[in-house]
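Fold and geometry: a report
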Amino acid sequence: MNNNTDKSALVVEGGGMRGIFAAGVLHAFGEKGFDPFDLYIGVSAGACHLASHLAGQNDRNFDITLRYSLTSQFINSWRFLRGGHLMDLDWMWEQTIRNYRLDLPYLFHKLRSHNKEYIVVATSMGTGNALYLRPDENTLEHFLKVSSSLPVFYRNILEVNGEKATDGGIAAAIPVQEAYRRGATDITVIRSRPSDYIKKQSPFTFILSIYFRKYPRLVEKFKQRARNYMAAVHFIHHPPEGVRITELAPPNNVDIGRTTQNEAVLRAAYEIGIAQGEKFMKNYRSQRF
């Protein structure tokens, strides 16, 4: 782990289909070859979008959204009510690996040759703690799936190194403090929610507590999730002395849910993300030169 105090980091929040905003920001970065970061940390959909960005596949995230995410094979309420997945990650990973695979050799050559670090966040079901996973060519696709495996919405339980694990957003929805702990003092955070969003405890916490009663520490993390989320937001807006944090967040009028499948709404959020990414790059360069 590099602890240089001048390290820069890019942190990308998850949130299912809400992540289309981040996909737009990263598309703008990729089109301009903008890559000043030493450390990348992504959660769930945010980790997936980061992977395409690092692989140099600037159109991949939005193409996958249009080609696969809007279909009933991926998100299906009727299947969910009959006891199946609401979001069928097995089908999604099979399709994208077969038809639109990440350029893994390019991605990891880029990381190695430029001494960059890429972290995928998951949550341990046994301890409830965040797992900060360092992927390689053999593990990345599985780590991304684990990080994206929303409890209940995806019925299967996956493992990492023999440990049951699930969606990274449960333990660390916005892992900005982890970027700081790893030595980053110039941190850019791409949000899925508006900057002033206030997270409250989910009304489904009780149901999740019953469903996952065999994993009491995970249940405790469910109960702490809103408080931990808002602590991360407070850290973004009130960073420690000597730490610069820049936030890119969708405006309040972008109304996207975790399972939104309205193409027009998603496309509009994607374009907003591109515009914000372009604006950020101009400001970033002007403030440093």
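What about the overall build of the chain?
Counting its secondary structure elements, the chain contains twelve helices and eight strands. Once the C-alpha set of the chain is aligned to its principal axes, its extents read approximately 60 × 40 × 40 Å. In the chain, buried positions account for 57% of the 289 residues. Taking all contacts inside the chain whose residues are at least 6 apart in sequence as the whole, residues at least 24 apart take part in 77%. Just so you have it, the chain exposes about 13300 Å², and 49% of that area is on carbon and sulfur atoms. Within the chain, the 28 negative side-chain charges are centred at a point lying 5 Å from the centre of the 36 positive side-chain charges.

A closer look at the pattern of salt bridges
All told, the structure shown has 16 salt bridges when counted by the stated rule. Note that Glu 13 and Arg 191 form a salt bridge whose closest N and O atoms lie 3.2 Å from each other. Linking Glu 13 in the loop between β1 (7-12) and α1 (20-31) with Arg 191 in the loop between β7 (184-190) and α10 (205-211), this pair joins segments that are 178 residues apart in sequence. Given a relative accessible area of 0%, Arg 191 falls into the buried group. Of the charged contacts, one joins Arg 101 and Glu 141 as a salt bridge, the two residues approaching to 2.7 Å between their closest N and O atoms. Placement of Arg 101 in the loop between α5 (89-99) and α6 (104-113) and of Glu 141 in helix α7 (residues 140-147) is noted, with a sequence separation of 40 residues between them. According to the relative accessible area criterion, Arg 101 is partly exposed, its value standing at 43%.

Things to note about the nonpolar core
Core analysis: the largest hydrophobic core is formed by 72 residues, its most contacted members being Leu 107, Tyr 118, Leu 140, Leu 144 and Phe 212. With eight residues, the single largest contributor to this core is α1. By size, the runner-up hydrophobic cluster in this structure holds 22 residues, among which are Ile 174, Ala 179, Ala 184 and Phe 235.

Criteria and thresholds
Residues numbered from 1 in each chain as written. Predicted model: local features only at pLDDT ≥ 70, side-chain atom pairs only at ≥ 80, totals over all residues. Heavy atoms only, no water. Helix = DSSP H or I, 4+ residues; strand = E, 2+ residues; numbered from the N terminus. Buried < 20%, exposed > 50% of the residue type's maximum accessible area, 1.4 Å probe, protein only. Contact = heavy atoms within 4.5 Å. Areas by Shrake-Rupley, 256 points an atom, 1.4 Å probe, with all protein chains shown as cover. Lys, Arg positive; Asp, Glu negative; His and termini not counted. Charge placed at Lys NZ, Arg CZ, Asp CG, Glu CD. Salt bridge = Lys/Arg side-chain N within 4 Å of Asp/Glu carboxyl O. Core = buried A, V, L, I, M, F, W, Y, C linked by side-chain atoms within 4.5 Å.

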